[in-house]
Amino acid sequence: MFKNIAKIFTSHIVVKTIGLANIAFVLFFLSVKDFGEYSYLFLLLNLVAIIIDPLLSAYLVDSKTFNYKKYNFGVLIISLILTPFFYLFINFFYNKLSVTLFILFSATYFISAILKSYLNIKERYYNYGIVDVVRQLSIFCTTVFFFYFLNSNSYIELLEFNYLVSFIGMIFIAIIFLKKEEIEFNINFSRLKKQTFQSKFLIFYTALIPFISFIDSYFVDAYLTKEDLGIYSFSLKVYNISLMLVVPIFTVLNIKQIEIAKEGNYMLFVKKSFKKVIFFSSMIFLVTLLFNWLITNYIYLEYKSSFWNTNILMFGSFITYITLPFSFLIAYRKYKYLFALGIIAVLFNILINYFFIEKYGMLVASFSTFLCQLIINLGAAIISFFLLRNSKNEN
């Protein structure tokens, strides 16, 4: 397991490094206000994950549980049907959204997501990492070219250029990595309906997660200034950097947890891993706090006011690292509990922001995100422990 995590971690470090360089260029050429607008639009575009990631998560669990022989790309048909409706939804929040940008971003995201899902199930983690590297490298190279050679400061044109090139890159990488004998495109609506119905709570839960960061940014945009949106967007970027290990850990751990669930070894895993997880999470937390202090005091001085907002968000990432290995609700298919936690978290997020953000500012947005992480991640770990411990005792 740790060898596979290391493979994805290596590529993820490369991806995050390239991503940091990309953000550095964007921060250098855009004002605080424009960076806020750029980040808000990017956050909205990433909500497209809602119409594909939940279905792929459900398919991954079913595929490993029931040992599917071929990867069925027909699962993508539901996402394609939902895409036009999702454009209207995004356009409601950002009426300047260009159709071209939406299509390019969605197509790139869809190809990348389903390709990584396929490679994850086949446990080809080296290739999995290359997908992200190619996508991020395409974005970085086009950002450099855009600012230095096209001499434009339009963040919408920048994103269109980014995702035109990355879309082409995803097409080429898919052609290279897909093996014809391992895939099929079977649009069996009765089978898809059954799979969707059986995993409906997992699908609903996974769809809720992208809303958490968006809710905060939406309230900052609606109730505070454009400069505040830029400052808070910077905090979210640093927060996402602090979560860089979550993807490689979860990608491999998700498969491992399903195997542990099949063998009924949950309690043994907890006893063997608990101290290691606490130590590892604490080290990551301290490093991210130091990183936040360095960049706000010595590099991006115009974002110094983001320091405490970011630190509060860091506590959320700390909770995520501690609890993620011990949350087995997906592995044991206890989806209802995850969905309930997600609903509670989103409701708290909306209520806290609605009543307090205008008075207390960005600190409220940060605190509401931290509270969401606490409710979802710590809640899932605690419920897993009591449910599975009791189950073991009954056996």
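Right above here is the structure, for reference.
Residues numbered from 1 in each chain as written. Predicted model: local features only at pLDDT ≥ 70, side-chain atom pairs only at ≥ 80, totals over all residues. Heavy atoms only, no water.

1. Some words on the overall build of the chain
Then, number 1: Secondary structure summary: the chain contains 15 helices and 2 strands in total.
Then, number 2: The C-alpha atoms of the chain give 21 Å as radius of gyration, which agrees with the globular expectation for 395 residues (21 Å, within 12%).
Then, number 3: Seen through its C-alpha atoms, the chain measures out along the principal axes to roughly 60 × 45 × 35 Å.
Then, number 4: Accessible area of the chain: about 18500 Å², with a carbon and sulfur share of 69%. (Helix = DSSP H or I, 4+ residues; strand = E, 2+ residues; numbered from the N terminus. Rg over C-alpha atoms; globule rule 2.2 N^0.38 Å. Areas by Shrake-Rupley, 256 points an atom, 1.4 Å probe, with all protein chains shown as cover.)

2. Comments concerning the side chain of Glu 182
Then, number 1: Secondary-structure assignment places Glu 182 in the loop between helix H7 (155-177) and strand E2 (183-184).
Then, number 2: Given a relative accessible area of 15%, Glu 182 falls into the buried group.
Then, number 3: Within the structure, the side chain of Glu 182 is placed 2.4 Å from the side chain of Arg 124, a separation counted as a polar contact.
Then, number 4: Residue contacts for Glu 182: discarding those within four places in its chain leaves Lys 69, Lys 70, Tyr 71, Tyr 118, Lys 122 and Arg 124. (Buried < 20%, exposed > 50% of the residue type's maximum accessible area, 1.4 Å probe, protein only. Polar contact = N/O pair within 3.5 Å; in protein donor to acceptor, adjacent residues only side chain to side chain. Contact = heavy atoms within 4.5 Å.)

3. As for the packing of helix H9 (residues 200-223) against helix H10 (residues 226-242)
Between two packed helices, the angle of one axis relative to the other and the distance separating the axes together describe the packing.
Then, number 1: In the contact formed by H9 and H10, the axes pass within 8 Å of each other and the chain directions differ by 160°. With respect to H10, the element H9 is oriented roughly antiparallel. Taken as a pair, H9 and H10 cross one another with a handedness that is right-handed. Across the interface between the two elements, Asp 216, Ser 217, Val 220 and Asp 221 of H9 pack against Lys 226, Asp 228, Leu 229, Tyr 232 and Leu 236 of H10. (Axes fitted to C-alpha atoms, helices over the stretch in contact; angles between N-to-C directions. Parallel < 35°, antiparallel > 145°, perpendicular 65-115°, else oblique. Left-handed = near helix turned anticlockwise from the far one by under 90°.)

4. Some details on the environment of Thr 323
Then, number 1: If you trace the backbone, Thr 323 turns up in helix H13 (residues 307-323).
Then, number 2: Residue classification places Thr 323 among the buried residues on the basis of a relative accessible area of 3%.
Then, number 3: The spacing of Thr 323 and Phe 172 is 151 residues in sequence and 37 Å in space, taken between C-alpha atoms.
Then, number 4: Not counting residues within four places of it along the chain, the set of residues in contact with Thr 323 comprises Asn 377, Leu 378 and Ala 381.
Then, number 5: Of note is the side chain of Thr 323, whose polar atom sits 2.7 Å from the backbone oxygen of Ile 319.

5. Some thoughts on the packing of helix H2 (residues 32-45) against helix H5 (residues 99-121)
Then, number 1: Following both chains from N to C, one finds H2 and H5 inclined at 55°, their axes separated by 11 Å at the closest point. With respect to each other, H2 and H5 are oriented oblique. Seen from above, H2 lies across H5 with right-handed handedness. Contact residues: Leu 41, Phe 42 and Leu 45 in H2; Leu 101, Phe 102 and Phe 105 in H5.
Then, number 2: Split into classes, the residues belonging to the contact of H2 with H5 amount to 6 nonpolar, no polar and no charged. (Nonpolar A, V, L, I, M, F, W, Y, C, P; charged D, E, K, R; others polar.)

6. Section: the packing of aromatic side chains
Then, number 1: Inspection of every chain in the model, using the stated rule, returns 46 aromatic pairs.
Then, number 2: Seen in terms of ring centroids, Phe 285 and Phe 315 are 5.0 Å apart; in terms of plane orientation they differ by 50°. Their pairing is tilted. Taken together, the positions of Phe 285 in helix H12 (residues 266-299) and Phe 315 in helix H13 put the pair 30 residues apart, joining distant regions of the chain.
Then, number 3: Its relative accessible area of 12% is what places Phe 285 among the buried residues.
Then, number 4: Taken together, Phe 35, Tyr 38, Phe 42, Phe 105, Tyr 109, Tyr 163, Phe 234, Tyr 300 and Tyr 303 form an aromatic cluster joined through their ring pairs. (Phe/Tyr/Trp six-rings, centres within 6.5 Å; stacked < 30°, edge-to-face > 60°.)

7. So, the pattern of salt bridges
Then, number 1: Applying the stated criterion across every chain, the model contains 5 salt bridges.
Then, number 2: Note that Glu 37 is salt-bridged to Lys 226, the shortest N-O span being 3.0 Å. Separated by 189 residues along the polypeptide, Glu 37 in helix H2 and Lys 226 in helix H10 bring together distant segments of the chain.
Then, number 3: Its relative accessible area of 10% is what places Glu 37 among the buried residues.
Then, number 4: Notably, a salt bridge pairs Lys 226 with Asp 221, separated by 2.7 Å at the nearest N-O pair.
Then, number 5: By relative accessible area, which is 30% here, Lys 226 ends up partly exposed.
Then, number 6: Three or more residues joined by partner-sharing salt bridges are found here, namely Glu 37, Asp 221 and Lys 226. (Salt bridge = Lys/Arg side-chain N within 4 Å of Asp/Glu carboxyl O.)

8. Looking at a nonpolar patch on the surface
Then, number 1: Residues Tyr 223, Ile 343, Leu 347, Ile 350, Leu 351, Tyr 354, Phe 355, Phe 356 and Tyr 360 make up a contiguous nonpolar surface patch of roughly 880 Å² in combined accessible area.
Then, number 2: Considering every element that reaches the nonpolar patch, the biggest residue donor is helix H14 (residues 335-360), with 8 residues.
Then, number 3: Mapping Ile 343 onto the fold places it in helix H14.
Then, number 4: A relative accessible area of 32% means that Ile 343 is categorised as partly exposed. (Patch = residues over 30% accessible without salt bridge, like charges linked within 9 Å, V, L, I, M, F, W, Y side chains within 5 Å.)

9. Examining the environment of Glu 157
Then, number 1: Inspection of the secondary structure puts Glu 157 in helix H7.
Then, number 2: On the basis of relative accessible area, Glu 157 is assigned to the partly exposed category, the value being 41%.
Then, number 3: Residues Glu 157 and Asn 292 lie 135 residues apart in sequence; the distance between their C-alpha atoms is 30 Å.
Then, number 4: Setting aside residues up to four positions removed in sequence, Glu 157 forms contacts with Phe 146 and Ser 152.
Then, number 5: Looking at Glu 157, its side chain comes within polar contact range of the side chain of Ser 152, at 3.3 Å.

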